[in-house]
Amino acid sequence: AIKIFERELRARPEALTAAIHWAVEQRVPVVNLSLGTVAGEHIEPLRAACREAVAAGTVLVAAAPQGGPPSYPAEFEEVIAVGEDRALGDDDLRFAGEPGLDFLASGYARPRPGLPPELNLKGSSFAAARVAAIVARLLEAEPGLAPAAVRERLRALCLPPASGA
C-alpha cells in the first residue's frame with residue numbers, strides 16, 4: 001500500500017501523479033486511486049501518467065463520486081471508474097457503463113460487529129477498494145492479464161441489470 005496523503009484525506013495532484021509513476025516503475029499490477037481530484041492545470045500530467053500505467057499493464061481503479069464535479073482520474077477512459085450503490089451486497093458488482101462510471105459496488109466499509117450498516121463508514125472510496133480487491137484476485141489467478149481483459153472479466157462478474165434498466 002502506498003499512502004500519499006498526510007493529516008487529511010487528500011493528496012496534492014503532483015503527489016498523485018508521482019505515485020502513479022512510481023507504481024509503474026515498481027511494476028505494481030493494480031493501483032486503487034480512491035481519492036480523486038477536480039479539473040485544473042494538473043489534469044494533463046495526471047492523464048499522461050494514467051496512460052503510461054495502463055500501457056505498462058498496470059490496472060488503475062478509481063473512485064467516481066456521483067453528483068458534483070467530474071473526478072479525475074476516474075473520468076479518464078484508461079481508468080476503471082467505480083461508484084457506490086449502497087443497495088448492493090458486499091460481493092456484488094454491477095455494470096454502469098457510463099462515461100466516468102464503469103462499475104458500481106457497495107459503498108460500505110467492511111461490516112463491524114454491533115454496528116448497523118447505515119452507521120458504518122461509506123462512500124465511493126470503499127466501492128473502489130472493493131473493486132480493486134476483485135482485480136487483485138483476478139490478477140493473482142491470471143498474472144499478466146491485460147487491463148482491457150480485466151475489464152471484461154469484471155463485466156462477466158456483474159449482476160444482471162436491475163429490472164427496468
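Residues numbered from 1 in each chain as written. Predicted model: local features only at pLDDT ≥ 70, side-chain atom pairs only at ≥ 80, totals over all residues. Heavy atoms only, no water.

*Asks:* Any chance you could break down the packing of aromatic side chains for me, citing the residues and the numbers?
*Replies:* Applying the stated criterion to the full structure yields two aromatic pairs. Arranged with centres 5.3 Å apart and planes meeting at 45 degrees, the rings of Tyr 72 and Phe 76 form a pair that is tilted. Both residues of the pair, Tyr 72 and Phe 76, belong to the buried class. With 5.7 Å between their ring centres and 70 degrees between their planes, Phe 95 and Phe 103 make a pair best called edge-to-face. Overall, Phe 95 belongs to the partly exposed group, its relative accessible area being 34%. The ring of Phe 95 carries the charged tip of Arg 155 above its face, separated from the ring centre by 3.6 Å. (Phe/Tyr/Trp six-rings, centres within 6.5 Å; stacked < 30°, edge-to-face > 60°. Buried < 20%, exposed > 50% of the residue type's maximum accessible area, 1.4 Å probe, protein only. Lys NZ or Arg CZ within 6 Å of the ring centre and 35° of its normal.)

*Asks:* Which residues make up the nonpolar core, and what are the values?
*Replies:* Generally speaking, soluble globular proteins have nonpolar side chains that are buried together. Core analysis: the largest hydrophobic core is formed by 24 residues, its most contacted members being Ile 20, Leu 33, Leu 46, Cys 50, Leu 60, Phe 76 and Val 79. At the level of secondary structure, the elements contributing two or more residues to this core comprise helix H1 (13-25), strand E1 (30-33), helix H2 (43-55), strand E2 (59-63) and strand E5 (101-105). Of the residues forming this core, the biggest block, six residues, is contributed by H2. What Cys 50 contacts, discounting residues up to four positions off in sequence, is Ile 20, Leu 60, Pro 73, Phe 76, Glu 78 and Val 79. (Core = buried A, V, L, I, M, F, W, Y, C linked by side-chain atoms within 4.5 Å. Helix = DSSP H or I, 4+ residues; strand = E, 2+ residues; numbered from the N terminus. Contact = heavy atoms within 4.5 Å.)

*Asks:* Go over H2, please, and point to the residues and values.
*Replies:* Here H2 is 13 residues long and its end C-alpha atoms lie 18 Å apart, about the 18 Å a rise of 1.5 Å per residue gives. Looking at H2, one finds that the buried residues are Ile 43, Leu 46, Ala 49, Cys 50, Ala 53 and Val 54. In an axial view of H2, the angular spread of the buried residues amounts to 130 degrees, which keeps them on one side of the axis. Close packing links the buried residues of H2 with H1, E2 and helix H4 (147-157). Among the residues trailing H2, Gly 57 stands out with phi positive, at a value near 95 degrees. (Expected span 1.5 Å × (residues − 1). Arc of directions from axis to C-beta.)

*Asks:* Before we move on, could you go through H4 and cite the residues and values that matter?
*Replies:* Restricting attention to buried positions, one finds in H4 the residues Pro 147, Val 150 and Leu 154. Seen end-on, H4 carries its buried residues on one side only, within an arc spanning 50 degrees. Of the exposed residues in H4, the ones pointing more than 90 degrees away from its buried face are Ala 148, Glu 152 and Ala 156. Buried residues in H4 make contact with H2, E2, strand E3 (80-84), strand E4 (93-98), E5 and helix H3 (124-141).

*Asks:* Got a sec to walk through the packing of H3 against H4? Specific residues and values, please.
*Replies:* Contact geometry of H3 with H4 gives a least axis separation of 11 Å together with a crossing angle of 115 degrees. With respect to their mutual orientation, H3 and H4 come out roughly perpendicular. Crossing angle aside, the handedness with which H3 passes H4 is right-handed. Residue-level inspection shows Val 131, Ile 134, Val 135, Leu 138 and Leu 139 of H3 in contact with H4, the latter providing Val 150, Arg 153, Leu 154 and Leu 157. Within the contact of H3 with H4, the residues separate by chemical class into eight nonpolar, no polar and one charged. (Axes fitted to C-alpha atoms, helices over the stretch in contact; angles between N-to-C directions. Parallel < 35°, antiparallel > 145°, perpendicular 65-115°, else oblique. Left-handed = near helix turned anticlockwise from the far one by under 90°. Nonpolar A, V, L, I, M, F, W, Y, C, P; charged D, E, K, R; others polar.)

*Asks:* Break down the pairing of E5 for me, with residues and values.
*Replies:* Counting buried positions along E5 gives five out of five residues, so the element sits mostly inside the fold. As paired elements, E3 and E5 share three bridges and run parallel to each other. Across the sheet, the residue bridging to Glu 84 is Ala 105, located in E5. In terms of strand pairing, E4 meets E5 through four bridges, oriented antiparallel. Within the sheet, the bridge partner assigned to Leu 93 lies in E5 and is Ala 105. Hairpin connection between E4 and E5: a loop of two residues separates the two successive antiparallel strands, and Gly 100 in this loop has a positive phi of roughly 75 degrees. (Pairing = 2+ DSSP bridges.)

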